[in-house]
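If you want the building blocks of each chain, they are given just below.
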Amino acid sequence: MSHDTVVPGAAPRRHTSAVERLAELTAVLGADLDQGRWAPGPLERALAGRLLMACAGDGQFTPVRLRETLWEGSVALTYAGGGRLTRLLSALHEVTAQPAPQADGETSSAAAEELLERIAAGTAGQDDGRF
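Residues numbered from 1 in each chain as written. Predicted model: local features only at pLDDT ≥ 70, side-chain atom pairs only at ≥ 80, totals over all residues. Heavy atoms only, no water.

## Some thoughts on the overall build of the chain
Within the chain one finds five helices and zero strands. Burial analysis of the chain (131 residues in total) assigns 34% to the buried set. When contacts within the chain are restricted to residue pairs at least 6 apart in sequence, long-range pairs at least 24 apart make up 74% of them. Counting every atom, the chain has about 8200 Å² of accessible surface; 56% of that belongs to carbon and sulfur. (Helix = DSSP H or I, 4+ residues; strand = E, 2+ residues; numbered from the N terminus. Buried < 20%, exposed > 50% of the residue type's maximum accessible area, 1.4 Å probe, protein only. Contact = heavy atoms within 4.5 Å. Areas by Shrake-Rupley, 256 points an atom, 1.4 Å probe, with all protein chains shown as cover.)

## Brief notes about the side chain of Thr 96
Inspection of the secondary structure assignment puts Thr 96 in helix 4 (residues 84-96). At 3.1 Å, the side chain of Thr 96 and the backbone oxygen of His 93 are in polar contact. Not counting residues within four places of it along the chain, the set of residues in contact with Thr 96 comprises Phe 61, Thr 62, Pro 63 and Leu 66. (Polar contact = N/O pair within 3.5 Å; in protein donor to acceptor, adjacent residues only side chain to side chain.)

## Let's talk about the nonpolar core
Counting 27 residues, the largest nonpolar core has Phe 61, Leu 88, Leu 116 and Ile 119 as the members making the most contacts within it. Sorting the residues of this core by element identifies helix 1 (18-34), helix 2 (42-54), helix 3 (63-79), helix 4 and helix 5 (103-121) as the ones contributing at least two each. The residues contacting Ile 119, other than those within four sequence positions of it, are Leu 33, Trp 38, Pro 40, Glu 44, Arg 45, Ala 48 and Leu 85. (Core = buried A, V, L, I, M, F, W, Y, C linked by side-chain atoms within 4.5 Å.)

## Points about the environment of Leu 70
Considering the arrangement of structural elements, one finds Leu 70 in helix 3. With 19 residues separating them in the primary sequence, Leu 70 and Leu 89 have C-alpha atoms 7.4 Å apart. If near-sequence neighbours (up to four positions away) are discounted, Leu 70 is found in contact with Leu 77, Thr 86, Leu 89 and Ser 90.

## Comments concerning the packing of helix 1 against helix 4
Direction vectors running N to C along helix 1 and helix 4 enclose 150°, while the axes themselves pass 9 Å from each other. By the angle class used here, helix 1 and helix 4 are roughly antiparallel. Crossing of helix 1 over helix 4 shows left-handed handedness. On helix 4, the residues touching Ala 18, Val 19, Arg 21, Leu 22, Leu 25, Thr 26, Val 28, Leu 29 and Asp 32 of helix 1 are Arg 84, Arg 87, Leu 88, Ala 91, Leu 92, Glu 94 and Val 95. Of the residues in the contact of helix 1 with helix 4, the class split is ten nonpolar, one polar and five charged. (Axes fitted to C-alpha atoms, helices over the stretch in contact; angles between N-to-C directions. Parallel < 35°, antiparallel > 145°, perpendicular 65-115°, else oblique. Left-handed = near helix turned anticlockwise from the far one by under 90°. Nonpolar A, V, L, I, M, F, W, Y, C, P; charged D, E, K, R; others polar.)

## Examining helix 3
Taking the largest bend as the criterion, helix 3 deviates by roughly 85°, centred on Gly 73. Along helix 3, the residues that are buried comprise Arg 65, Leu 66, Thr 69, Gly 73 and Leu 77. Against the buried residues of helix 3 lie helix 2 and helix 4. Immediately beyond the C-terminal end of helix 3, within one or two residues, lies Gly 81, with a positive phi of roughly 60°. (Bend = angle between axes of the 7 residues up to and from the residue.)

## Let's talk about helix 2
Compared with an ideal rise of 1.5 Å per residue, which puts 13 residues at 18 Å, helix 2 spans 18 Å between its outermost C-alpha atoms and is within 8% of the ideal. Among the residues of helix 2, those classed as buried are Leu 43, Glu 44, Arg 45, Leu 47, Ala 48, Leu 51 and Leu 52. (Expected span 1.5 Å × (residues − 1).)

## What to know about the pattern of salt bridges
Under the criterion given, the structure shown has six salt bridges. The salt bridge partner of Arg 84 is Asp 32, with a shortest N-O separation of 2.4 Å. Placement of Arg 84 in helix 4 and of Asp 32 in helix 1 is noted, with a sequence separation of 52 residues between them. Of the residues examined, Arg 84 reaches a relative accessible area of 14% and is grouped as buried. By relative accessible area, which is 9% here, Asp 32 ends up buried. (Salt bridge = Lys/Arg side-chain N within 4 Å of Asp/Glu carboxyl O.)

Structure, rendered in structure tokens:
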């Protein structure tokens, strides 16, 4: 097979922006949370809560705050819940690291914040206070 060969029926994937990836990931995780296909564990809930507390003063996600949250989660966060929260935080970091936030980025960040609030809140009987 040469380098120019294309798999029959394969459509080329269009490049998506960081904002589009964040919006898509937020929507998928929110739907999975709603339908019970994803249940964030204690580590994910605790880190979502810590990130929200770090942003409480000015309401802004920043690359530094997101990196610190990912660092706090260490390697365990990449495995907890299939690494879904890690992917959300990484996508959010990519959007906030852009030089000039776009209106779409602010909308996507707001949707991600709502999802993080839901994750941090957990459900009754789910949190034993430890991770």
